[in-house]
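As a plain string of letters, each chain reads:
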Amino acid sequence: QTDDPARHVRASFLRFLILGGDENHRPHEKGVRVSGGWISGVLDLEGARIPRDIGLKDCRFDSVPVLRYAVIDNLFLDGSSLPGLQADRLEARGGVSLKSAEVAGAVHLTGSRLGGNLSLDGAKISYPGGTALVADSIEVKSVELRGAAIAGETRITSARIDGDLDLTGASLSHPDGEALHLNRTVVQGGFLLRGGAEIKGCLLYTSPSPRDS
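Reference entry: report on the structure contained in this document.

Rules of the game
- Residues numbered from 1 in each chain as written.
- Predicted model: local features only at pLDDT ≥ 70, side-chain atom pairs only at ≥ 80, totals over all residues.
- Heavy atoms only, no water.
- Helix = DSSP H or I, 4+ residues; strand = E, 2+ residues; numbered from the N terminus.
- Contact = heavy atoms within 4.5 Å.
- Areas by Shrake-Rupley, 256 points an atom, 1.4 Å probe, with all protein chains shown as cover.
- Lys, Arg positive; Asp, Glu negative; His and termini not counted.
- Charge placed at Lys NZ, Arg CZ, Asp CG, Glu CD.
- Core = buried A, V, L, I, M, F, W, Y, C linked by side-chain atoms within 4.5 Å.
- Buried < 20%, exposed > 50% of the residue type's maximum accessible area, 1.4 Å probe, protein only.
- Polar contact = N/O pair within 3.5 Å; in protein donor to acceptor, adjacent residues only side chain to side chain.
- Pairing = 2+ DSSP bridges.
- Axes fitted to C-alpha atoms, helices over the stretch in contact; angles between N-to-C directions.
- Phe/Tyr/Trp six-rings, centres within 6.5 Å; stacked < 30°, edge-to-face > 60°.
- Lys NZ or Arg CZ within 6 Å of the ring centre and 35° of its normal.
- Salt bridge = Lys/Arg side-chain N within 4 Å of Asp/Glu carboxyl O.
- Patch = residues over 30% accessible without salt bridge, like charges linked within 9 Å, V, L, I, M, F, W, Y side chains within 5 Å.

1. Details of the overall build of the chain
So, point 1. A count of helices and strands for the chain gives one helix and 25 strands.
So, point 2. Once local pairs closer than 6 in sequence are excluded, the contacts in the chain between residues at least 24 apart make up 39%.
So, point 3. Total accessible area on the chain stands at roughly 9800 Å², and carbon and sulfur atoms take up 45% of it.
So, point 4. When the 24 positive and 27 negative side-chain charges of the chain are each reduced to one mean point, those points stand 4 Å apart.

Take a look at the structure:
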């Protein structure tokens, strides 16, 4: 995750490969996978239809990746360092994973529909004074925030979580406002606050109406 020229990957070239390349540059049928790369420029996949996985692990992004309205299989950004993520209205057959990622900005997933989990175990998201994680109206199997540290508001309102909302060992900090905002969210499984989980700030929750559940 340094400026090593040997690890440099232009976002435009990466986009070219993710979208299928050409007859001389075809991605593997399992998708594009990069580990330890330095990705320069904006990886703009807004509205793209990508019938395979995107795996960009332990990478450093100079700019915020954009996946608004994209349709994908799975997105893996585990261990990566990035200045945010724009993925509102994302549709994924599987899940979105940012395990142990470091995000110096906001993660946007409003209106996204995931067939699998939103996995943020061990992630560090820092957007003090603002909304660090916003996933309003998301539809997802489970939300995993085990051991995550989030500075800024975590907002998951009017959402549907078919499994658990797992905050085991998590630290959510927004002392001057709402640290966790869950109004009208349906959690079909468990709401897990254990293992030394800390919430510094307000926790807001109102029950969804019967038609929402």
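Further notes follow.
2. Here's the deal with the nonpolar core
So, point 1. Counting 55 residues, the largest nonpolar core has Leu14, Ile54, Leu56, Leu67, Leu118, Ile138 and Leu145 as the members making the most contacts within it.
So, point 2. Those elements that place two or more of their residues in this core are helix H1 (11-18), strand S2 (31-35), strand S4 (53-57), strand S16 (124-134) and strand S22 (171-181).
So, point 3. Ranked by the residues each element gives to this core, the list is headed by H1, at four residues.
So, point 4. Residues in contact with leucine 14, not counting those within four places in the same chain, are Val9, Val32, Val34, Ile39, Leu43 and Leu56.

3. What about the environment of arginine 10?
So, point 1. Position of arginine 10 relative to the elements: it lies in strand S1 (residues 8-10).
So, point 2. Residue class for arginine 10 comes out partly exposed when judged on its relative accessible area of 46%.
So, point 3. Spatially, the C-alpha atom of arginine 10 lies 8.3 Å from that of tryptophan 38, the residues being 28 residues apart in sequence.
So, point 4. Side chain to side chain, arginine 10 and serine 12 meet in a polar contact 3.1 Å long.

4. Focus: the sheet that holds S4
So, point 1. Taken in spatial order, the eight strands of this open sheet run S2-S4-S7-S11-S15-S18-S21-S24, and their pairing is parallel. Every interior strand has two partners, whereas the edge strands, S2 and strand S24 (191-192), have only one.
So, point 2. Where H1 meets the sheet, its contacts fall on S2 and S4, and the angle it forms with S2 comes to roughly 145°.

5. Description of the pairing of S16
So, point 1. Relative to S16, strand S12 (residues 102-103) runs parallel, the two being bridged by two bridges. Paired with valine 103 across the bridge in S16 is isoleucine 125.
So, point 2. Here strand S13 (residues 107-108) runs beside S16; their pairing, made up of two bridges, is parallel. Looking at S16, one finds that valine 107 is bridged to leucine 133.
So, point 3. As paired elements, S16 and strand S19 (residues 149-155) share six bridges and run parallel to each other. Across the sheet, the residue bridging to threonine 131 is glutamate 153, located in S19.

6. Quick notes on the packing of aromatic side chains
So, point 1. Applying the stated criterion across every chain yields a total of one aromatic pair.
So, point 2. A cation sits over an aromatic face here: lysine 57 above phenylalanine 76, 5.2 Å from the ring centre.

7. Considerations on the pattern of salt bridges
So, point 1. Counting across every chain of the model gives nine salt bridges.
So, point 2. The salt bridge partner of aspartate 166 is arginine 146, with a shortest N-O separation of 3.3 Å. In this pair, aspartate 166 is assigned in strand S21 (residues 165-166) and arginine 146 in the loop between strand S18 (143-144) and S19, connecting sequence segments 20 residues apart.
So, point 3. Sharing partners across several salt bridges, the network here consists of Asp121, Glu144, Arg146 and Asp166.

8. Some words on a nonpolar patch on the surface
So, point 1. A contiguous nonpolar surface patch, about 370 Å² in accessible area, is contributed by Phe191, Leu193, Leu203 and Tyr205.
So, point 2. Along the polypeptide, leucine 203 turns up in strand S25 (residues 198-204).

9. Digging into the side chain of asparagine 74
So, point 1. By the element assignment, asparagine 74 lies in the loop between strand S6 (71-72) and strand S7 (75-76).
So, point 2. One polar contact links asparagine 74 to aspartate 53, side chain to side chain, over a distance of 3.0 Å.
So, point 3. Among the polar contacts listed, one links the side chain of asparagine 74 to the backbone nitrogen of glycine 95, at a separation of 2.8 Å.
So, point 4. If near-sequence neighbours (up to four positions away) are discounted, asparagine 74 is found in contact with Arg52, Asp53, Ile54, Gly94 and Gly95.

10. Some thoughts on unusual backbone geometry
So, point 1. A positive phi is found at tyrosine 69, a non-glycine position, where the angle reads about 65°.
So, point 2. Residue placement: tyrosine 69 occurs in the loop between strand S5 (60-61) and S6.

On their own, these measurements won't tell you what the molecule is for.
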